[in-house]
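# Examination of the molecular architecture
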Amino acid sequence: MTIAINAQGLRKRYGDVQAVDGVDLEVAEGEFFGILGPNGAGKTTTMEMIEGLREPDEGSAELLGVKSWPRDRGLLRRIGVQLQASAFFEKLTAREQIHTFGSLYGVSPERADEMLATVGLTDKAGTREDKLSGGQAQRLSIACALVHDPELVFLDEPTTGLDPQARRNLWDLLREINDAGRTVVLTTHYMDEAETLCDRVAVMDAGKVLKVGPPRELIAELGVESLEDVFLRLTGREYRE
Ligand SMILES: Nc1ncnc2c1ncn2[C@@H]1O[C@H](COP(=O)(O)OP(=O)(O)OP(=O)(O)O)[C@@H](O)[C@H]1O
């Protein structure tokens, strides 16, 4: 197994809050991996430290064999990080957004247009980002993260706020990306999403990883019906949305 991500002993504190409290994670190349947990579990902070966007208080992460902190320019070209919709450049159209992201990586306008087509936004190319629907903006942000054809893709709650159809369309897109050989890591607080998409999940709560494994194995191991039940069994309380 070739390791895409090897994170050891990650910790991060904000004032009184121990947001991440000693997280180890290994993700294999080509895996679809989910970081699962309720609001405030520490998923985003963990992912940001792994990506090299936030300095850990302790611990470190290697991506594709390279330490992600301090930032490594060569590595940044090999990873794609989905930015939240609010991180778009202001007042640009969908096409201008993706061309701008593409140009940062030396990607041709043709390739950027292809990516817009891949996420089904060709007919919205001339629409300003603030006029896109929630689902369209999510798809654009994913296209921007993928425009330079990264080997490793990080997505932070990519389907939050989408209607059921838009979620399913996005799931199809994420599967295609993974089928094309990319390693995909996403955070989610939707158990069904994790169960449907992920080869393995890490269940997080209160800054710690409680359990890692394939969803079906975790369910079988604990003798329960669903990932929701896994969470209940591990934490002793209901999963809260
Ligand atoms: N920049 C920050 N400053 C202070 N506290 C923070 C900061 N970022 C996160 N926290 C706190 O750290 C904890 C973990 O937050 P984090 O965003 O990593 O969790 P999460 O699992 O991604 O939650 P969500 O699902 O709500 O995004 C929370 O208690 C949060 O309030």
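First things first, this report covers the structure right here in the doc. Small disclaimer: the values here were computed from a predicted structure and weren't measured. (Residues numbered from 1 in each chain as written. Predicted model: local features only at pLDDT ≥ 70, side-chain atom pairs only at ≥ 80, totals over all residues.)

## Regarding the site of the ligand
Around the ligand, the neighbouring residues are Tyr 14, Val 17, Ala 19, Gly 37, Asn 39, Gly 40, Ala 41, Gly 42, Lys 43, Thr 44, Thr 45 and His 189. Tallying contributions element by element places helix H1 (residues 43-51) first for the shell around the ligand, with 3 residues. Of the residues that constitute the shell around the ligand, the class distribution is 4 nonpolar, 7 polar and 1 charged. (Near = placed C-beta within 6 Å. Helix = DSSP H or I, 4+ residues; strand = E, 2+ residues; numbered from the N terminus. Nonpolar A, V, L, I, M, F, W, Y, C, P; charged D, E, K, R; others polar.)

## Concerning the sheet that holds strand S2 (residues 17-28)
Spatially, 4 strands are ordered S2-S1-S4-S5 in an open sheet, and the strand pairing comes out antiparallel. What marks the edges here is a single partner per strand, and that holds for S2 and strand S5 (66-67). Judged from the 9 bridges that link them, strand S1 (residues 3-14) and S2 form a sheet pairing that is antiparallel. Each bridged residue has a counterpart across the sheet, and for Arg 13 the counterpart in S2 is Gln 18. (Pairing = 2+ DSSP bridges.)

## Examining the pairing of strand S9 (residues 200-205)
Both strand S3 (residues 32-36) and S9 contribute to a ladder of 4 bridges, which runs parallel. Note on S9: the bridge partner recorded for Gly 34 is Val 201. Looking at chain direction, S9 and strand S10 (residues 208-213) are connected through 5 bridges and run antiparallel. The residue of S10 that forms the bridge with Val 203 is Lys 211.

## Digging into unusual backbone geometry
Trp 69 connects to Pro 70 through a cis peptide bond whose omega is -5 degrees. Its place among the elements puts Pro 70 in the loop between S5 and helix H2 (73-76). One non-glycine residue, Asp 149, adopts positive backbone phi at about 55 degrees. Within the element layout of this structure, Asp 149 appears in the loop between helix H5 (134-146) and strand S7 (152-156). Overall, Asp 149 belongs to the partly exposed group, with 14 C-beta atoms counted inside 10 Å. The phi dihedral of Ala 206 is positive, around 50 degrees, even though this residue is not glycine. As for its position among the elements, Ala 206 is in the loop between S9 and S10. (Buried ≥ 20, exposed ≤ 12 C-beta atoms within 10 Å, placed from the backbone.)

## Things to note about the packing of helix H3 (residues 94-104) against helix H4 (residues 109-118)
One way to put it is that H3 packs onto H4 with a least axis distance of 9 Å and a crossing angle of 130 degrees. With respect to their mutual orientation, H3 and H4 come out oblique. Regarding H3 and H4, the two cross each other, and that crossing is right-handed. Residue-level inspection shows Ala 94, Arg 95, Ile 98, His 99 and Gly 102 of H3 in contact with H4, the latter providing Pro 109, Arg 111, Ala 112, Met 115 and Leu 116. (Axes fitted to C-alpha atoms, helices over the stretch in contact; angles between N-to-C directions. Parallel < 35°, antiparallel > 145°, perpendicular 65-115°, else oblique. Left-handed = near helix turned anticlockwise from the far one by under 90°. Contact = placed C-beta atoms within 7 Å.)

## Points about the nonpolar core
Judged by nonpolar contacts, the single largest core of 61 residues is most densely connected at Ile 98, Leu 140 and Ala 143. Here this core takes 7 residues from H5, the largest share from any one element. Ignoring any residue separated from it by four or fewer positions in sequence, one finds Ile 98 in contact with Ala 112, Met 115, Leu 116, Leu 140, Ala 143, Cys 144 and Val 147. (Core = buried A, V, L, I, M, F, W, Y, C linked by C-beta atoms within 7 Å.)

## Let's talk about the packing of H3 against H5
Where H3 meets H5, the closest approach of the two axes is 9 Å, and the angle between their N-to-C directions is 25 degrees. Viewed along their axes, H3 and H5 adopt a mutual orientation that is roughly parallel. Crossing geometry of H3 relative to H5 is assigned as right-handed. For the pair H3 and H5, the contacting residues are Ala 94, Gln 97, Ile 98 and Phe 101 in the first and Leu 140, Ala 143 and Cys 144 in the second.

## So, H5
The terminal C-alpha atoms of H5, which comprises 13 residues, lie 19 Å apart, in line with the 18 Å expected from a rise of 1.5 Å per residue. Counting buried residues in H5 gives 10 out of 13 residues, a clear majority hidden from the surface. Listing the buried residues of H5 in full gives Ala 137, Gln 138, Arg 139, Leu 140, Ser 141, Ile 142, Ala 143, Cys 144, Ala 145 and Leu 146. Residues of H5 that are buried in the fold lie against strand S6 (79-81), H3, H4, S7 and helix H6 (164-179). (Expected span 1.5 Å × (residues − 1).)

In short, geometric facts, not functional conclusions.
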